[in-house]
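Each chain, written out:
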Amino acid sequence: MTAPLTPPHQPSPHDPWQKPPEGGGPGGSHLGTLLRSPEERELRTELRRAALVAVAVTVAGVALGLLWLWLAPRVPLVSDSTAVFLSDSEGEEAIGADGTFALLALAFGAVSAGLVFWFHRKGGIALVVALAVGGVLGSLLAWQLGTRLGPTDDVVAHAREVGKGVIFDAPLELHAKGALLAWSLAAMAVHLGLTALFGPRDPEPEWGVYHSVPSGGAPSGPAPSGPAPAPSSSPEPPAPPAAG
């Protein structure tokens, strides 16, 4: 009597050359299902949306830099062929340049947060992080753009070019580096406020009616609706014992 052979269409479980099942292993199918789950797709969509918001906010820093270059007050300088001096020693143009940048950054932060909330009312932590990161990058871009497009930073060469006693503009600088955070702070604050006021609300939980049971055992609460049950008839007296 011989042992049964393995059918040709069913490979032996102990065959070392057997191909692994689809999915890469016992948990492959479960992993594929997890990656295709609605939560995974929603997370990818949210991250993609946040990346687009960060890029758009960063590019908007070009407009901030151009406005700062246009609106910031200039610091007047004058040369006497030996040194360069402030034309108005009591002027506040340097402080005005920092204040102009901070005010413009606050306005850009409020507008960007409003637009993001308008188009993506559902919100999410990823959008808030994108606003914060994009605000910092946009402020850095605006700062560098304004200083590079403004008056040259070679003050000595500029003074020699204009001549003695001629007033010229000092290079545009940002002394208060904390203004670089104004955009991000304003964007996060405005987006948080809009979400708290006009964001979607979770449905209110439905509370059931519970009746407390007193010590006597009868539940308290309103009487049940419907006709009251008929009272039970009085029990009949027991029959006399039968005679022997």
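Residues numbered from 1 in each chain as written. Predicted model: local features only at pLDDT ≥ 70, side-chain atom pairs only at ≥ 80, totals over all residues. Heavy atoms only, no water.

Caption draft 1: How the structure looks around the pattern of salt bridges. For the structure on display, the rule yields 1 salt bridge. The partner of glutamate 40 in a salt bridge is arginine 44, with the nearest N and O atoms 3.5 Å apart. Placement of the pair is glutamate 40 and arginine 44 together in helix α2 (residues 38-59), with a separation of 4 residues, close to one helical turn. The exposure class assigned to arginine 44 is partly exposed, which follows from its relative accessible area of 46%. (Salt bridge = Lys/Arg side-chain N within 4 Å of Asp/Glu carboxyl O. Helix = DSSP H or I, 4+ residues; strand = E, 2+ residues; numbered from the N terminus. Buried < 20%, exposed > 50% of the residue type's maximum accessible area, 1.4 Å probe, protein only.)

Caption draft 2: Layout of the environment of glycine 124. Within the element layout of this structure, glycine 124 appears in the loop between α4 (93-119) and α5 (125-149). Placed 78 residues apart in sequence, glycine 124 and glutamate 46 show a C-alpha to C-alpha distance of 8.0 Å.

Caption draft 3: The arrangement of the packing of aromatic side chains in detail. Within the structure shown, the criterion is met by 2 aromatic pairs. Measuring from centroid to centroid gives 5.1 Å for tryptophan 68 and phenylalanine 101, while their planes differ by 80°, and the two rings are edge-to-face. Of this pair, tryptophan 68 sits in helix α3 (residues 61-71) while phenylalanine 101 sits in helix α4, placing them 33 residues apart in sequence. Across the pair, exposure class does not vary: tryptophan 68 and phenylalanine 101 are buried alike. (Phe/Tyr/Trp six-rings, centres within 6.5 Å; stacked < 30°, edge-to-face > 60°.)

Caption draft 4: Structural context of the nonpolar core. If you look at the biggest cluster of nonpolar residues, it comprises 27 residues, and the most contacted ones within it are Val53, Leu64, Trp68, Phe101, Leu131 and Trp183. Ranked by residue count, the leading element in this core is α4, at 7 residues. (Core = buried A, V, L, I, M, F, W, Y, C linked by side-chain atoms within 4.5 Å.)

Caption draft 5: Up close: the sheet that holds strand β3 (residues 168-169). Read from one edge of the open sheet, 3 strands run β2-β1-β3, paired in antiparallel fashion. Each of the sheet's edge strands pairs with one partner strand only, and the pair in question is β2 (84-86) and β3. Taken together, the 2 bridges between strand β1 (residues 76-79) and β3 define a ladder with antiparallel strand orientation. Pairing of proline 76 across the sheet is with aspartate 169, part of β3. (Pairing = 2+ DSSP bridges.)

Caption draft 6: Up close: the packing of α2 against α5. Where α2 contacts α5, the two axes come as close as 7 Å, and the packing angle between them is 20°. Regarding the angle of α2 to α5, the classification is roughly parallel. For the pair α2 and α5, the sense of crossing is right-handed. Contact with α2, carried on its side by Glu46, Arg49, Ala50, Val53, Ala54, Val57 and Thr58, involves Ile125, Ala126, Leu127, Ala130, Leu131, Gly134, Gly135, Leu137, Gly138 and Leu141 of α5 and no other residues of that element. (Axes fitted to C-alpha atoms, helices over the stretch in contact; angles between N-to-C directions. Parallel < 35°, antiparallel > 145°, perpendicular 65-115°, else oblique. Left-handed = near helix turned anticlockwise from the far one by under 90°. Contact = heavy atoms within 4.5 Å.)

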